[in-house]
Amino acid sequence: MRRVGLIAFVIALVGVTAAYAGGPQLRASHAGTRATTSGWSNAAALTNLRSMYSQQQLEEGVFVGSEFCLACHTGKIAPDETEWRETNHSHVLRKPMGMYSLVPGSGVLANYLGDPSQDDFMMGLDFNQVSGTPFDGLKPNAPILSYDATTDQYFIQLGPDGLKLLVAATWAGMSEGNGQRYMVRIPVSDTPTGYSNAIYFAPFAWGGSGYSSNASSWYDGNTPKYAPGISSSDLASLQGQNYLKNCVGCHITGVRSNGVTAQGEYVTHPYPAALVAPDSPDYPDLDGDGIPDLANIGCESCHGPGSAHILAGGDPSKIVNPADISNNQDRSATCLQCHVEVESSDGTWGYTYDDADNKGYVLTNPPDDLSKYQTFTGALWPDGVHYIAERIDDFKSSAHYQGAHGIACNDCHDAMAETMNDSQVRDTITRSGTTYTNVNVDDDSFCMACHHDPYFATGKVTADDVANWKAAGFNAPIPDSIRDAIEEHTHHPYGATRSLGLSRCITCHMSPTAGHGSISGYSHTFWPARPEDTIAYAGATGMTYGATGNPNACSVSCHRGKVILFSDVPANLNPASMQFGTQDDVNLAQHLVKYFGPGGLWWDTTPAESSGN
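Given the structure is predicted, the values throughout are model-derived calculations rather than measurements.

### Some details on the overall build of the protein
- Summing up its helical and strand segments, the protein has 19 helices and 23 strands in all.
- Taking 2.2 N^0.38 as the reference for a compact globule, 613 residues should give roughly 25 Å; the C-alpha atoms of the protein span a radius of gyration of 26 Å, in line with that estimate.
- In terms of overall dimensions, the protein has a C-alpha envelope of 75 × 70 × 50 Å along the principal axes.
- A buried classification covers 52% of the 613 residues belonging to the protein.
- Excluding contacts between residues fewer than 6 apart, the proportion of contacts in the protein whose partners are at least 24 apart in sequence is 57%.
- Just so you have it, the protein exposes about 26200 Å², and 51% of that area is on carbon and sulfur atoms.
- Looking at charge distribution, the protein has the averaged site of its 33 positive side-chain charges lying 3 Å from that of its 64 negative ones.

This is how it looks when you write it as structure tokens:
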């Protein structure tokens, strides 16, 4: 059976660039906007792998790339997972290629000049020749953008006589109006390639409609810190902008090795891409060795190395399926290896890495203990529950994670496909024998697929009620009985599908508290931050990002600058501000605590032992 599987695998591979056939080679000619593979005409793939790794290495497991996986996982030989190609996981980190100019999710999006077909690099945007940008203070040495069509390369020059930085990779730019960052390689005098070993965040980023500046890392006043003729040892002060040191481990499929050059550059080496789809921008050369790398979050990031699985003809025992990890906390390690605010175990690298044993995290079943690889670098608000700086670290303190029901990240999110919900939240859930289709975060049906009688609306909303409601469609109108049950719980009118999200579960239970200077995203504690804590910690200072006080869900989601009800609270409060110690915020909390607080009219937070209940 395994032999048949291996033969089928080889037959399935028809038409992909084998990046290592006859030595390293680059992509073929340009065509298309989301390059895919359908395989090879022969067994070149396996030959390439055997030329790159020993038999022992392949049997023990090395990362080979998602193109191998998707040669079989098309639904004919193995379950179809090709939808992964359309997720942000698959292509958020890319090589800039001129053929994809202004194409969201594929190319460079920077378009300050507004040309309909060419990005600002192609248009030769010179910030010394325009006014009203963040770079006016850098003149006459402001950045100059350019594109070389002959070599298909993008450049940023630090003034007319300055260093000409090669744009090696882009980050984000997934949709129209989305921001995008640029990582550059620096010309130096002491490397074989003539460029730095590492790549660095550029002096600016594209914000969707304009540029933001990162110039302080590159300029002293209006003078570039780095001039032509520098060596890589001159880049020691730039290591805080080193993408390979601070970020890349969570943006690639496996860390092959890392280290520090004799000149002081920190370099992470990804696994090389043995297969690269023609015209794909998804495999940039990140470490500068001339070979495309396994960039982005591929199949093996969540399933472990795939080489042994391939050699064994698809033997399922040779690959990790996170669904087979029984403990929800262990299963969540699949996501929590990256979606957290951490550094490596001793703080050398800005991603999950075991510095003591010098190895990256590889998912196994059962998973290795993440605490050996991570040091938390986020921060908590004074209430000790909610986070100022995090990604989804707070999920680990939630009842979902810690409770008896054992909810893991992948119970709510589908890492391998876009869905009708945002953030790859599942739109079909099977729970306790019932399958709920078309579940929608915005109309509360997603949460109610689990939170119905007996966990919510006891005696009023059953599993069948929710399933029958959503069988009619993703945007099916809510039945009156379910609407009434929700309003009884929220004490607010039901307007979950409207922009403000009244009575939407996540408006209160996932109200954001964290960010990187401003509040955004969603909390994953599922405990609404309390107005009483805004009052109690009003004087708290000295926190990350200059935050003060303590947030509360009512203010952040609605009553701060959105729903204006109280005469002593200004209408112009900023919902995203991390300043909760102001008198205006305390005044607002004094009103809100009457409804959600000790002895609250709607939700009483008085501890049971204090209330006598």
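Additional details are given in the paragraphs that follow.
### Quick notes on the pairing of strand E11 (residues 255–260)
- The sheet contact formed by E11 and strand E12 (residues 266–270) spans five bridges and is antiparallel. Pairing of Gly259 across the sheet is with Val267, part of E12.
- Between E11 and E12, which pair antiparallel one after the other, the connecting turn spans five residues, and Gly264 there sits at a positive phi close to 100°.

### A look at the environment of Ser523
- One can find Ser523 in the loop between helix H15 (505–509) and helix H16 (531–536).
- Aside from chain neighbours lying at most four places away, what touches Ser523 is His386, Asp394, His509, Met510, Ser511 and Pro512.
- A polar side-chain atom of Ser523 sits 3.2 Å from a polar atom in the side chain of Asp394.

### Remarks on the pairing of strand E3 (residues 143–148)
- In the sheet, E3 pairs with strand E4 (residues 153–158) via six bridges, with the strands oriented antiparallel. Following the sheet pairing, Tyr147 is matched in E4 by Tyr154.
- The hairpin turn running from E3 into E4, its antiparallel successor, is four residues long, and Asp152 in that turn takes a positive phi close to 55°.

### Details of empty space enclosed by the protein
- Throughout the structure, instances matching the rule amount to two cavities of 30 Å³ or more.
- Around the second largest cavity, the lining residues are His386, Cys508, His509, Met510, Ser511, Thr513, Ser523, Trp527, Pro528, Ala529 and Ala553.
- A breakdown of the residues in the lining of the second largest cavity according to their chemical character gives six nonpolar, five polar and no charged.

### Let's talk about the packing of aromatic side chains
- Tallying each qualifying case throughout the model produces 25 aromatic pairs.
- Where Phe127 meets Tyr211, the ring centres are 5.1 Å apart and the plane angle is 90°; that geometry is what we call edge-to-face. Here the residue Phe127 occupies a position in the loop between strand E2 (93–94) and E3, and Tyr211 occupies one in strand E8 (residues 211–213), the gap between them amounting to 84 residues.
- Ring-pair connections join several aromatic residues into one group, and the members of that group are Tyr112, Phe121, Phe127, Phe135, Tyr147, Tyr154, Tyr182, Phe204, Trp206 and Tyr211.
- Here the basic side chain of Lys164 rests over the ring of Phe155, its NZ or CZ set 4.9 Å away from the ring centre.

### A look at unusual backbone geometry
- Look at the link from Lys139 to Pro140: it is a cis peptide, with omega at 10°.
- Mapping Pro140 onto the fold places it in the loop between E2 and E3.
- Cis peptide bonds are those with omega within 30 degrees of zero, and the linkage from Asn365 to Pro366 qualifies with 0°.
- The residue Ser423 is not glycine, and still its phi comes out positive at about 60°.
- For Ser423, the position within the fold is in the loop between helix H11 (409–412) and strand E20 (429–431).

### Some remarks on the confidence of the model for the protein
- Per-residue pLDDT for the protein averages 91, and the proportion of residues at 70 or more is 92%.
- Across residues 1–33, confidence stays below pLDDT 50; counting only partners more than four residues off in sequence or on other chains, it has 101 contacts.

### Observations concerning a nonpolar patch on the surface
- Among the surface-exposed residues, Tyr112, Leu113 and Met123 lie close enough to one another that they form a single nonpolar patch of about 240 Å² accessible area.
- Mapped onto the elements of the fold, Leu113 is located in the loop between E2 and E3.
- Exposure remark for Leu113: the relative accessible area of 40% places this residue in the partly exposed category.

### A look at the pattern of salt bridges
- Per the stated rule, a full pass over the model turns up 12 salt bridges.
- Residues Asp442 and Arg504 are paired through a salt bridge, measuring 3.8 Å at the closest nitrogen-oxygen approach. Of this pair, Asp442 sits in the loop between strand E21 (434–436) and helix H12 (445–448) while Arg504 sits in the loop between helix H14 (480–490) and H15; the two residues are 62 residues apart in sequence, bridging distant segments of the chain.
- Take Arg504: its relative accessible area is 13%, and that puts it in the buried class.
- A salt bridge links Arg530 to Asp533; the shortest N-O distance between them is 3.2 Å.
- Judged by relative accessible area, Arg530 falls into the partly exposed class, the value being 30%.

### Considerations on the side chain of Asp287
- Turning to its location among the elements, Asp287 is positioned in the loop between strand E13 (275–276) and helix H7 (299–303).
- Arg185 provides the closest opposite charge to the buried, unpaired Asp287, separated from it by 6.2 Å.
- Engagement of the side chain of Asp287 in a polar contact is seen with the side chain of His269, the distance being 3.0 Å.
- In contact with Asp287, other than residues within four places in its own chain, are Arg185, Asn197, Leu244, Val267, Thr268, His269, Pro270 and Asp293.

Each value, and the rule that gives it
- Residue numbers here run from 1 along each chain, matching the order of that chain's written sequence.
- Two thresholds apply to this predicted model, a pLDDT of at least 70 for residue-level local features and 80 or more for giving and counting side-chain atom pairs, whereas whole-chain, interface and lining totals are computed over all residues.
- Hydrogens and water molecules were not included; the side-chain quantities draw on all heavy atoms of the structure.
- Counting from the N terminus, the helices are the DSSP runs of H or I reaching at least four residues and the strands are the DSSP runs of E reaching at least two.
- Computation of the radius of gyration draws on C-alpha atoms alone. For the globule rule, the value is 2.2 Å times the number of residues to the power 0.38.
- Between buried and exposed lies partly exposed: a residue is buried under 20% and exposed over 50% of the maximum accessible area for its type, with that area taken using a 1.4 Å probe on protein chains only.
- Whether two residues are in contact is decided by their heavy atoms: any pair within 4.5 Å suffices.
- Note that accessible areas follow from Shrake-Rupley with a 1.4 Å probe, and for residues the cover is restricted to the protein chains shown.
- Charge counting treats Lys and Arg as positive and Asp and Glu as negative, with His and both chain ends excluded.
- Just so you know, the charge point we use is NZ for Lys, CZ for Arg, CG for Asp and CD for Glu.
- By the convention used here, strands pair only if DSSP detects at least 2 bridges between them.
- Polar contacts here mean pairs of N or O atoms no more than 3.5 Å apart (in protein, one a potential hydrogen donor and the other a potential acceptor; neighbouring residues in sequence count only if both atoms are side-chain atoms).
- For cavity detection a 1 Å grid was placed over the protein atoms alone, and a set of points counts as a cavity when a 1.4 Å probe fits there but cannot get out; an open set counts as a pocket when protein lies on both sides within 12 Å along at least five of seven lines, with lining residues being those that have an atom within 4 Å of a point.
- Grid points are joined across faces, edges and corners, and a volume is the space filled by probe spheres set on the points.
- Gly counts as polar in this scheme, as do all residues outside two lists: the nonpolar Ala, Val, Leu, Ile, Met, Phe, Trp, Tyr, Cys and Pro, and the charged Asp, Glu, Lys and Arg.
- Ring pairs are drawn from Phe, Tyr and Trp, using the six-membered ring of Trp, whenever the two centres fall within 6.5 Å, and their geometry is named by plane angle: stacked under 30 degrees, edge-to-face over 60, tilted for the rest.
- Lysine NZ or arginine CZ positioned within 6 Å of the ring centre and within 35 degrees of the ring normal marks a charge as sitting over the ring.
- A residue's pLDDT is the confidence the predictor assigns to it, expressed on a 0 to 100 scale.
- What makes a patch is a set of residues exposed beyond 30% relative accessible area and free of salt bridges, joined within 9 Å when like-charged and within 5 Å when nonpolar (Val, Leu, Ile, Met, Phe, Trp, Tyr).
- Salt-bridge detection follows one rule: a side-chain nitrogen of Lys or Arg within 4 Å of a carboxyl oxygen of Asp or Glu.

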